[in-house]
Amino acid sequence: MQDTTINIYSDEANHLHDPRQGNFMVIGSVWCNKDEVIKLSDAIRKVKEYHGLPRSAEVKWTKISKSNSKFYEDLVKLFFKTDDLNFRAIVVPKDKLDNDLYEQTDDDFYYKAQYLMIANIVTNHNPNRFHVYIDYKDNWSHYRSKKLEGYLSKKGDFSDCKFQAQPVRSHESELIQLADILIGATSYRSNQYDIASEDKPKRKLVELIEQLAMQRLSQSSPRTSEKVNVFMLWEPK
């Protein structure tokens, strides 16, 4: 087994119990080798500077507008031209989940979805250490990260792997911010994408991502896809 550490920066879009946000929830992550984090974070900050933003500016999907669309396009292009950065997402149909049937809570399902996301990275790369960073929401995030760490450590097919999980505030991590943008685009494609939509900056960014990824964000990727890997728990029509 290769002696390396993979950092996984995880976030989610469209809460399970908020129908206003659409029918599909997305749990996703940007991941890379731990040794590349400083270099990759600085590269993102340089794109911010080039577009007149402070290096410390927090960027996210909900902030995309006509006035800053070129910045977000350049950020997406940076992601695709950087070999060390990868994206993985699980798209969940909220109306098809039945926690009662599977005798599970929303948190139980969250840990299972995180497992499905991370299992693909383990299978394709076979590293032995993972640091999982989840976007800090509230005080519950510390508890949730430790529960996730324990859940992953107990999975039989992860027996040779070591996991650490902790929350991180999005304004402190460029890679969490990048994950938010790619997750937001994946959610937008499944929930809100409309060729006639007046939200053209977001629609154009989705189209750019799909063009560079050479795939639709609302369709499952081949299992071995690395740069962009999407797993639809149910394929929308």
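Please refer to the structure higher up on the page.
A brief structural summary.

About the thresholds
- Residues numbered from 1 in each chain as written.
- Predicted model: local features only at pLDDT ≥ 70, side-chain atom pairs only at ≥ 80, totals over all residues.
- Heavy atoms only, no water.
- Phe/Tyr/Trp six-rings, centres within 6.5 Å; stacked < 30°, edge-to-face > 60°.
- Buried < 20%, exposed > 50% of the residue type's maximum accessible area, 1.4 Å probe, protein only.
- Helix = DSSP H or I, 4+ residues; strand = E, 2+ residues; numbered from the N terminus.
- Lys NZ or Arg CZ within 6 Å of the ring centre and 35° of its normal.
- Contact = heavy atoms within 4.5 Å.

**Overview of the packing of aromatic side chains**
- The final tally for this structure, using the stated rule, is 10 aromatic pairs.
- Between Y110 and Y111, the ring centres sit 5.6 Å apart and the planes meet at 70 degrees, which makes this aromatic pair edge-to-face. Across the pair, exposure class does not vary: Y110 and Y111 are buried alike.
- Between the aromatic rings of Y115 and F158, the centroid separation amounts to 5.3 Å while the plane-to-plane angle is 50 degrees, which identifies the pairing as tilted. Residue Y115 is located in helix α3 (residues 106-125), and its partner F158 is located in the loop between α4 (140-153) and β5 (162-168); the two are separated by 43 residues in the primary sequence. No difference in accessibility class separates Y115 from F158, as the two residues are buried.
- Following the ring pairs from residue to residue traces out a cluster consisting of Y115, F130, F158 and F163.
- Its guanidinium or amino end placed over the ring of Y136, R169 lies 4.0 Å from that ring's centre, counting from NZ or CZ.

**Thoughts on the environment of I8**
- Relative to the assigned elements, I8 resides in strand β1 (residues 2-13).
- Here the alpha-carbon distance between I8 and A179, two residues 171 residues apart in the chain, equals 9.6 Å.
- Excluding residues within four positions of it along the chain, I8 makes contact with S29, V30, W31, I118, I121, F130, H131, V132 and Y133.

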